[in-house]
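# Fold and contact review
What follows is each chain in one-letter form.
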Amino acid sequence: MQGITMDIITATSIVKGCLNYIISYRNTGYICAVSSAKKIAETLNVETSFKPKRHRLTKRQFQYESLDNYEPTPEEEFKRDFFFCLIDTSITSIQSRFEQLESHKNTWGFLYNISDLPEHDTLVKHCMDLHNTLKNEDQNDINGLDLCVELEHIKTLLPKDVSSPKAVLEYMLQSNTSDLFPNTWISLRILLTIPVTVASGERSFSKLKLIKTYLRSTLGDEKLTSQQSFLLKMK
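First, a word on what this report is: a plain description of the structure on this page. Fair warning: this is a prediction, and the values are worked out from it, not measured in the lab.

## Side note on the side chain of His 131
Tracing the sequence through the fold places His 131 in helix H4 (residues 120–133). Ignoring anything within four residues of it in the chain, the contact list for His 131 reads Asn 140, Ile 142, Asn 143 and Gly 144.

## Quick notes on helix H3 (residues 74–108)
An α-helical turn contains 3.6 residues, so any two residues separated by three or four positions project in the same direction. Taking 1.5 Å per residue as the helical rise, H3 with its 35 residues ought to reach 51 Å, and the 50 Å between its terminal C-alpha atoms agrees with that figure. Helix geometry: H3 is bent most strongly at Phe 84, by close to 30 degrees. Residues of H3 that are buried include every one of Glu 77, Phe 83, Ile 87, Ile 91, Ile 94, Phe 98, Leu 101, Thr 107 and Trp 108, and no others. Looking at the packing, one finds that the buried side of H3 touches helix H1 (8–28), helix H2 (30–43), H4 and helix H7 (182–191).

## Observations regarding the state of the cysteines
Each disulfide consists of a covalent bond between the sulfur atoms of two cysteine residues. One pass over the structure, following the stated rule, counts 0 disulfides. Lacking any disulfide linkage, Cys 127 is separated from the closest cysteine sulfur, that of Cys 148, by 4.7 Å. Taking the relative accessible area as the measure of exposure, Cys 127 reaches 0% and is therefore buried.

Definitions and cut-offs
Residues numbered from 1 in each chain as written. Predicted model: local features only at pLDDT ≥ 70, side-chain atom pairs only at ≥ 80, totals over all residues. Heavy atoms only, no water. Helix = DSSP H or I, 4+ residues; strand = E, 2+ residues; numbered from the N terminus. Contact = heavy atoms within 4.5 Å. Expected span 1.5 Å × (residues − 1). Bend = angle between axes of the 7 residues up to and from the residue. Buried < 20%, exposed > 50% of the residue type's maximum accessible area, 1.4 Å probe, protein only. Disulfide = S-S within 2.5 Å.

This is a description of form; function is not addressed.
Structure representation (structure tokens):
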């Protein structure tokens, strides 16, 4: 997920697989988790049993109120209050992430393999959806209908080993065809600048704090950039 070459299609597939695994683990993974935890506890000479906890009795306000005599075991409380809570929190967090990636995939996914475009009507729909996404009031970055025509035409010109957005963009640059397919040129450039993760930015700022401290506040931009790049390469 933190690779430089990671794209939205691959990231969506990875997140979906992770989400399905955690959902399955919620239903079937508790016994395995407890067994593994007990083995680790035995190697550390730690008690492996769940300690009972004293339950508070609730005072009845009326005589007709019945007493709840059922008391869950310590293991049942652990499973309910900790295991399920942890798994459900993870599922909710990943689902939010997956929905965002799925939204990007639905908008940009058709551009990840230009050599295998969908049918004309489906392609027109995708291009118009992208047209509306990149629209700001009366200003348009691309024209959806023109983009559809360009993609169908450029598909016939591409070599067999050129299909990814980066490869197509490099081919257009080398063949000087960016002016012939302006909407494709703009769309691919925007697509390749969409970050899948913020890992690179986080690593840069973590190294920045090691280089530029309050004692070196006058460090120039050129020297700062070179030292930061050197540390990132060493990492």
